[in-house]
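# Analysis of the macromolecular model
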Amino acid sequence: MNNLNSILIEGNLVKDPLLRTTSKGTQVCSMTLASNRFYKMDSGFEKEVSYFDVDTWSKLAEVCYAKGKKGRGVRVVGRLKQSRWNDPDGKTHSRINIVAEHVEFRPEFRKDAKSASEVPLDDEYEGEENGEPVMAMAGRELEAVAF
């Protein structure tokens with residue numbers, strides 16, 4: 001049997017993305033995503049919030065840094081990666097994060113004061129001005145897709 005390591009998650013960014021460059025010159029964008037889950041408990045519904053750290057690399061990192069901002073909705077497809085290390089006292093630590101291979105950003109809207117309706121913000125990427133989400137994949141150009 002083959003091994004499978006794949007994840008799909010949707011949520012909102014809880015802070016602005018952070019862009020850094022490795023010692024070899026590769027760009028890495030780190031984002032934190034909050035995803036809500038609702039479930040029925042007794043006579044009402046309960047809300048459970050989970051937070052996930054997401055890393056993107058190279059061109060995808062540049063796009064995520066440019067497009068992402070606190071509160072923006074995103075859909076991430078990627079894989080889980082576990083990092084393990086020992087601290088100076090010899091204690092072993094572990095962390096699991098998501099390495100994104102595909103990221104979609106939900107459209108940003110602003111309130112139109114005259115009509116009190118939502119109007120898509122103008123943007124430089126194709127599709128965003130039509131109220132469609134922007135998609136970015138590792139090693140590929142941007143294109144518009146529908147949710």
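Residues numbered from 1 in each chain as written. Predicted model: local features only at pLDDT ≥ 70, side-chain atom pairs only at ≥ 80, totals over all residues. Heavy atoms only, no water.

### Examining helix α1 (residues 58-67)
By the burial criterion, the buried members of α1 are Leu 60, Ala 61, Val 63, Cys 64 and Lys 67. Burial along α1 is one-sided: seen end-on, the buried residues are contained in an arc of 165 degrees. (Buried < 20%, exposed > 50% of the residue type's maximum accessible area, 1.4 Å probe, protein only. Helix = DSSP H or I, 4+ residues; strand = E, 2+ residues; numbered from the N terminus. Arc of directions from axis to C-beta.)

### Points about the nonpolar core
As a rule of thumb, nonpolar side chains are buried together in soluble globular proteins. Of all hydrophobic cores here, the largest spans 16 residues; its most connected members are Met 31, Val 54, Cys 64, Val 74, Val 76, Ile 98 and Val 103. Sorting the residues of this core by element identifies β1 (7-13), β3 (27-41), α1, β5 (73-86) and β6 (92-105) as the ones contributing at least two each. In terms of residue count, β6 provides more of this core than any other element does, four residues in total. If we ignore the near neighbours within four places in the chain, the residues touching Val 76 are Ile 7, Leu 8, Ile 9, Val 54, Ile 98, Ala 100, His 102 and Val 103. (Core = buried A, V, L, I, M, F, W, Y, C linked by side-chain atoms within 4.5 Å. Contact = heavy atoms within 4.5 Å.)

### Digging into the confidence of the model for the chain
Overall, the predicted model of the chain reaches an average pLDDT of 82, with 74% of residues at or above 70. Scored below 50 in pLDDT, residues 122-131 makes 23 contacts in the model with residues more than four places away or belonging to other chains. In this model, residues 140-147 is a region of pLDDT below 50 whose contacts with residues beyond four sequence positions or in other chains number 22 contacts. (pLDDT = per-residue confidence, 0-100.)

### Observations regarding the side chain of Arg 75
Structurally, Arg 75 can be placed in strand β5. Residue classification places Arg 75 among the buried positions, given a relative accessible area of 16%. Among the polar contacts made by the side chain of Arg 75, one reaches the side chain of Glu 10 at a distance of 2.5 Å. (Polar contact = N/O pair within 3.5 Å; in protein donor to acceptor, adjacent residues only side chain to side chain.)

### Remarks on the pattern of salt bridges
What the rule picks out here adds up to seven salt bridges. For Arg 106, the salt bridge is made with Glu 10, and the minimal N-O distance between the two is 3.5 Å. Taken as a pair, Arg 106 in the loop between β6 and β7 (109-111) and Glu 10 in strand β1 lie far apart in primary sequence, 96 residues in all. In this structure, the salt-bridge partner of Arg 95 is Asp 53, at a minimum N-O distance of 3.6 Å. A residue pair is termed long-range when its members are at least 10 positions apart, and Arg 95 in strand β6 and Asp 53 in strand β4 (residues 44-57) qualify at 42 residues. Shared partners join several salt bridges into a network, and the residues in it are Glu 10, Arg 75, Glu 104 and Arg 106. (Salt bridge = Lys/Arg side-chain N within 4 Å of Asp/Glu carboxyl O.)

### Thoughts on the pairing of β5
In this sheet, β5 lies alongside β1 in antiparallel orientation, the contact comprising six bridges. Bridging from a neighbouring strand, Ile 9 pairs with Val 76 of β5. In this sheet, β6 lies alongside β5 in antiparallel orientation, the contact comprising 13 bridges. Looking at the pairing, Val 76 lines up with Val 103 of β6. If you look at the hairpin formed by β5 and β6, you'll find five residues sitting between the two strands, and Gly 90 has a positive phi there, around 90 degrees. (Pairing = 2+ DSSP bridges.)

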